Amino acid sequence: MPPPGLSDDLQKFNAGGSGDWFPVAEIRYYTNVFIMYEDKILLGYKKRGLGIHKYNGFGGKVEPDESTLDAALRELKEEAGITAPLIHAGTLLFVVPGQKWAHIDIFRADEYTGTITESDEMRPEWFEKTNIPFDNMWDSDRHWFPLLLSNQRFSARADFDREGEKYIQKKWWIGIDSKT
Ligand SMILES: COc1nc(N)nc2c1ncn2[C@H]1C[C@H](O)[C@@H](COP(=O)(O)OP(=O)(O)OP(=O)(O)O)O1
């Protein structure tokens, strides 16, 4: 049975951790974009803000009156200097007690246009899909990346405790969207 916040019709892919799910809170919307090309994936090394010093996709907060797709395209351009035909790949609920829930719409593309350019926020870097730097990414990424890489749409929830600037993964649940 999927945890609160995820739809009931997901097919469980993996889950783990322990304890109760953290309580419901207000939601803030974010985006995250992953560009693939042949056997490689483009990640960005985050230079400031949430997730600093981790590799991640390119993205950020959805502004008022902006669709998540428009926000994803804007952030991809701002942070990596490129544009791409984005496909919705999945959603992630990132839950930390005492904070708004982050609802992250994750997009992918297999091509892009423009010149990949470092920004104030992100230093882009290509990785082989077989050599993704999970030890330097959000801990829950390793649990849903197989679905991103195999083009299976997913919904995930990951609950973390916060200790100062450190986020400690407590519990996660990943499901395949059976409507895809
Ligand atoms: C486990 O949680 C997360 N996992 C992954 N993979 N990515 C996450 C997680 N929590 C947040 N993110 C992503 C979502 C966004 O792409 C960024 C955070 O965006 P940021 O706060 O930097 O938003 P901006 O609008 O770019 O920030 P500025 O206001 O500084 O421009 O992390």
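Model, not experiment: these values are computed from the prediction. (Residues numbered from 1 in each chain as written. Predicted model: local features only at pLDDT ≥ 70, side-chain atom pairs only at ≥ 80, totals over all residues.)

Q: How would you explain the overall build of the chain if you had to name every residue and give the values?
A: The helix and strand tally for the chain stands at two helices and 11 strands. Taken from N to C terminus, the helices and strands of the chain fall in the order β-β-β-β-α-β-β-β-β-β-α-β-β. Here the chain has a C-alpha radius of gyration of 16 Å; the compact-globule value for 180 residues is 16 Å, and the two agree. Over its C-alpha atoms, taken along the principal directions, the chain stretches across nearly 45 × 35 × 35 Å. The buried share of the chain, taken over its 180 residues, is 36%. In the chain, 69% of the contacts between residues at least 6 apart in sequence involve partners at least 24 apart. (Helix = DSSP H or I, 4+ residues; strand = E, 2+ residues; numbered from the N terminus. Rg over C-alpha atoms; globule rule 2.2 N^0.38 Å. Buried ≥ 20, exposed ≤ 12 C-beta atoms within 10 Å, placed from the backbone. Contact = placed C-beta atoms within 7 Å.)

Q: Help me get a handle on the pairing of strand β7 (residues 101-109), residues and values and all.
A: Bridging between strand β2 (residues 27-37) and β7 involves nine bridges; their strand directions are parallel. Residue pairing in the sheet places Arg 28 in a bridge with Ala 102 of β7. As paired elements, strand β6 (residues 87-95) and β7 share seven bridges and run antiparallel to each other. Residue Leu 93 lies in a different strand from β7, and its bridge partner there is His 103. Between β6 and β7, which follow one another and run antiparallel, lie five residues, and Gly 98 among them has a positive phi close to 80°. (Pairing = 2+ DSSP bridges.)

Q: Lay out the UniProt feature "domain: Nudix hydrolase" (unreviewed entry) in the chain in plain terms, naming residues and giving numbers.
A: As recorded in UniProt, the sites labelled "domain: Nudix hydrolase" (unreviewed entry) are residues 26-150. Spanning residues 26-150, this segment combines 18% helix with 39% strand, and its end C-alpha atoms are found 32 Å apart. (UniProt positions renumbered as here; feature names shortened; annotations may be inferred.)

Q: Residues and numbers for the environment of Ile 116, please.
A: You can see Ile 116 is positioned in the loop between β8 (113-114) and β9 (122-128). Taking the C-beta count within 10 Å as the criterion, Ile 116 has 14 such neighbours and is therefore assigned partly exposed.

Q: Residue-level account of the confidence of the model for the chain, with values.
A: Within the chain, residue pLDDT values average 97, and 99% of them lie at 70 or more. With pTM at 0.97, the complex prediction returns an ipTM value of 0.96. (pLDDT = per-residue confidence, 0-100.)

Q: So, unusual backbone geometry: which residues are in play, and what are the values?
A: Of note, the phi angle at Glu 38 is positive, near 50°, even though the residue is not glycine. Exposure remark for Glu 38: the 9 C-beta atoms within 10 Å place this residue in the exposed category. At Asp 65, a residue that is not glycine, the phi angle is positive and equals roughly 65°.

Q: Explain the site of the ligand to me, using residue names and the numbers behind them.
A: Neighbouring the ligand are 19 residues, the closest being Gly 59, Gly 60, Lys 61, Phe 94 and Trp 138. Of all the secondary structure elements, the ones that give two or more residues to the shell around the ligand are β2, β6 and β7. Of the residues that constitute the shell around the ligand, the class distribution is eight nonpolar, eight polar and three charged. (Near = placed C-beta within 6 Å. Nonpolar A, V, L, I, M, F, W, Y, C, P; charged D, E, K, R; others polar.)

Q: Mind laying out helix α2 (residues 141-149), listing which residues take part and the relevant values?
A: Those residues of α2 not exposed but buried are Asp 141, His 143, Trp 144, Leu 147 and Leu 148. Projected onto a plane normal to the axis of α2, the buried residues spread over an arc of 150° and lie on a single side. Next to the buried residues of α2 lie β1 (10-17), β2, β6, β7, β10 (154-163) and β11 (166-177). One or two steps after α2, the chain reaches Asn 151, where phi turns positive at roughly 65°. (Arc of directions from axis to C-beta.)

Q: Give me the lowdown on helix α1 (residues 68-80), citing residues and values where you can.
A: Helix length check: α1 (13 residues) gives 17 Å between terminal C-alpha atoms against 18 Å at 1.5 Å per residue, within 8%. If you check which residues of α1 are buried, you get Thr 68, Ala 71, Ala 72, Leu 73, Glu 75, Leu 76, Glu 79 and Ala 80. The elements touched by buried residues of α1 are β2, β3 (40-46), β5 (82-83), β7 and β9. Of the residues trailing α1, Gly 81 is marked for its positive phi of about 80°. (Expected span 1.5 Å × (residues − 1).)

Q: Tell me about the environment of Ala 109, residues and numbers included.
A: By the element assignment, Ala 109 lies in strand β7. Given 20 C-beta atoms within a 10 Å radius, Ala 109 is considered buried. Residues Ala 109 and Met 36 lie 73 residues apart in sequence; the distance between their C-alpha atoms is 6.1 Å. Ala 109 has contacts with Ile 35, Ala 84, Pro 85, Leu 86 and Ile 87, leaving out every residue within four places of it along the chain.

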